[in-house]
Amino acid sequence: MTTPNGTVELRELVLPPHANHRGTLFAGEGLRLMAKAAFLAARGLARREAVMAAVTGVEFLSPVAVGQALLLRAWVSRVGRSSMTVCVTGRSESPGTPPEEVLKGVFEMVAVDGSGRPAAIDRAYLNKEAA
């Protein structure tokens, strides 16, 4: 099974260094992981480097305890000339409990050339669901 261009899944284990004083995922660490997933989805679709231009919304819906797995899914929902909107969701997973959506966010990413300037995205190979 192949993953469509612009879609990424990452699985991370929440460890004590990722936690706050309450033993749950530190929001800054959650945001870092979401940004990583957004970057990988954007770079995969654009087939070139990408940078973050904005975070238009992030919600932390439930705490994620140390020892839980966090499954992040990112997909490009909009493609412009050089910009992309990337949606990211995260679900916590623990043995014996159903997965629960715990975070979500929307990131604006821009494809760039070697000098860091916005660069057009080659639309010739895009999957229909990503365009």
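So, here is what we can say about the structure in this document. (Residues numbered from 1 in each chain as written. Predicted model: local features only at pLDDT ≥ 70, side-chain atom pairs only at ≥ 80, totals over all residues. Heavy atoms only, no water.)

Of note in this structure, Arg-47 is not a glycine but carries a positive phi near 55°. On the secondary structure map, Arg-47 appears in the loop between helix 1 (27-46) and strand 2 (50-60). (Helix = DSSP H or I, 4+ residues; strand = E, 2+ residues; numbered from the N terminus.)

Looking now at the nonpolar core. Ranked by size, the top nonpolar core spans 29 residues in total, and within it Leu-70, Leu-72, Met-84, Val-86 and Val-88 carry the most contacts. Mapped by element, the contributors of at least two residues to this core are strand 1 (7-13), helix 1, strand 3 (69-79), strand 4 (83-94) and strand 5 (97-111). Ranked by residue count, the leading element in this core is helix 1, at nine residues. Sequence-distant contacts of Val-86, defined by excluding residues within four places in its chain, comprise Ala-38, Ala-41, Ala-42, Ala-74, Trp-75, Val-76, Gly-105, Val-106, Phe-107 and Met-109. (Core = buried A, V, L, I, M, F, W, Y, C linked by side-chain atoms within 4.5 Å. Buried < 20%, exposed > 50% of the residue type's maximum accessible area, 1.4 Å probe, protein only. Contact = heavy atoms within 4.5 Å.)

This next bit is on the pattern of salt bridges. On inspection of all chains with the given rule, the structure shows seven salt bridges. Close ionic contact of Glu-12 with Lys-36 constitutes a salt bridge, the shortest N to O distance being 3.5 Å. Taken together, the positions of Glu-12 in strand 1 and Lys-36 in helix 1 put the pair 24 residues apart, joining distant regions of the chain. Since its relative accessible area comes to 22%, Glu-12 is described here as partly exposed. Accessibility expressed as a relative area gives 34% for Lys-36, which makes it partly exposed. Among the charged side chains, a network of salt bridges with common partners joins Arg-11, Arg-91 and Glu-93. (Salt bridge = Lys/Arg side-chain N within 4 Å of Asp/Glu carboxyl O.)

Further remarks concern the side chain of Glu-93. Considering the arrangement of structural elements, one finds Glu-93 in strand 4. Of note is the side chain of Glu-93, whose polar atom sits 2.3 Å from the side chain of Arg-11. For Glu-93, the contacting residues outside a window of four places in its chain are Arg-11, Gln-68, Ala-69, Leu-71 and Pro-99. (Polar contact = N/O pair within 3.5 Å; in protein donor to acceptor, adjacent residues only side chain to side chain.)

Direction of pairing for strand 2 relative to strand 5: antiparallel, over a ladder of nine bridges. Bridge pairing in strand 5 places Val-58 opposite Gly-105. Taken together, strand 4 and the strand that follows it, strand 5, pair antiparallel across an intervening segment of two residues, in which Gly-96 is found at a positive phi of about 85°. (Pairing = 2+ DSSP bridges.)

The next point concerns a nonpolar patch on the surface. On the surface, a nonpolar cluster with roughly 330 Å² of combined accessible area is contributed by Leu-31, Met-52, Val-55 and Phe-60. Among the elements that make up the nonpolar patch, the one with the highest residue count is strand 2 (three residues). As for its placement among the helices and strands, Leu-31 is situated in helix 1. (Patch = residues over 30% accessible without salt bridge, like charges linked within 9 Å, V, L, I, M, F, W, Y side chains within 5 Å. Areas by Shrake-Rupley, 256 points an atom, 1.4 Å probe, with all protein chains shown as cover.)

Turning our attention to the side chain of Thr-85. Here Thr-85 shows up in strand 4. The class for Thr-85 is buried, based on a relative accessible area of 10%. Here Glu-108 takes part through its side chain, which lies 2.9 Å from a polar atom of the side chain of Thr-85. Beyond its immediate chain neighbours, meaning those up to four positions away, Thr-85 contacts Trp-75, Val-76, Ser-77, Arg-78, Val-106, Phe-107 and Glu-108.

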